[in-house]
Amino acid sequence: LAGQEPGRHRMHALVRWLDENYRTPITVSDVAAQAGMSSATLHRHFRAVTGTSPMQYLKAVRLHRARGALLVGASVTDTAYAVGYGSATQFSREYRRLFGYAPNQTRRSG
């Protein structure tokens, strides 16, 4: 992530910030403020560095962390809230979309 291209260093720091703060409610405005950029500039630089938008990246971080928790037996609902989702239903829908199966199947297989 770190390179000479403008904005890369900021994006590296921003990725680290998202990785550390994924549990908290985060909006695009929050991410842009953290980066010190407008939303449009943020999206352009973030996508150039990571290949995805900041919110898609955050969603992936949350879902992968959730998968780890489910594999060691955490409940689906507790896990949803623990990784920053406000709705267990939304969490389950997005989990299934990413992994191809329901979170409770991961929990049973763990």
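The coordinates are above.
Residues numbered from 1 in each chain as written. Predicted model: local features only at pLDDT ≥ 70, side-chain atom pairs only at ≥ 80, totals over all residues. Heavy atoms only, no water.

**What about the side chain of Glu94?**
Examined against the element boundaries, Glu94 turns out to sit in helix α6 (residues 88–99). Owing to a relative accessible area of 10%, Glu94 belongs among the buried residues under this scheme. At 2.5 Å, the side chain of Glu94 forms a polar contact with the side chain of Gln90. When near neighbours in sequence (up to four residues on either side) are disregarded, Glu94 contacts Lys59, Leu63 and Tyr85. (Helix = DSSP H or I, 4+ residues; strand = E, 2+ residues; numbered from the N terminus. Buried < 20%, exposed > 50% of the residue type's maximum accessible area, 1.4 Å probe, protein only. Polar contact = N/O pair within 3.5 Å; in protein donor to acceptor, adjacent residues only side chain to side chain. Contact = heavy atoms within 4.5 Å.)

**Section: the pattern of salt bridges**
On inspection of all chains with the given rule, the structure shows one salt bridge. Among the ionic pairs, Lys59 bridges to Glu94, the shortest N-O distance being 3.9 Å. On the criterion of sequence distance, the pair formed by Lys59 in helix α4 (residues 54–71) and Glu94 in helix α6 is long-range, its members being 35 residues apart. (Salt bridge = Lys/Arg side-chain N within 4 Å of Asp/Glu carboxyl O.)

**Some details on the nonpolar core**
With 27 residues, the main nonpolar core has Met11, Leu14, Leu18, Leu42, Phe46 and Phe91 as its most contacted residues. Contributions of two or more residues to this core are made by α1 (8–21), α2 (28–35), α3 (39–50), α4, α5 (76–82) and α6. Take this core: its biggest share by element is six residues, from α4. Residues contacting Met11, with those up to four places away along its chain left out, are Ala35, Met37, Leu42, His45, Phe46 and Val49. (Core = buried A, V, L, I, M, F, W, Y, C linked by side-chain atoms within 4.5 Å.)

**Notes on the packing of α2 against α3**
Viewed as axis vectors pointing N to C, α2 and α3 meet at an angle of 80 degrees, and their least axial separation amounts to 9 Å. With respect to each other, α2 and α3 are oriented roughly perpendicular. Residues Val28, Val31, Ala32 and Ala35 of α2 lie in contact with α3, whose contacting residues are Ser39, Leu42 and His43. Tallied by class, the residues present in the contact of α2 with α3 amount to five nonpolar, two polar and no charged. (Axes fitted to C-alpha atoms, helices over the stretch in contact; angles between N-to-C directions. Parallel < 35°, antiparallel > 145°, perpendicular 65-115°, else oblique. Nonpolar A, V, L, I, M, F, W, Y, C, P; charged D, E, K, R; others polar.)

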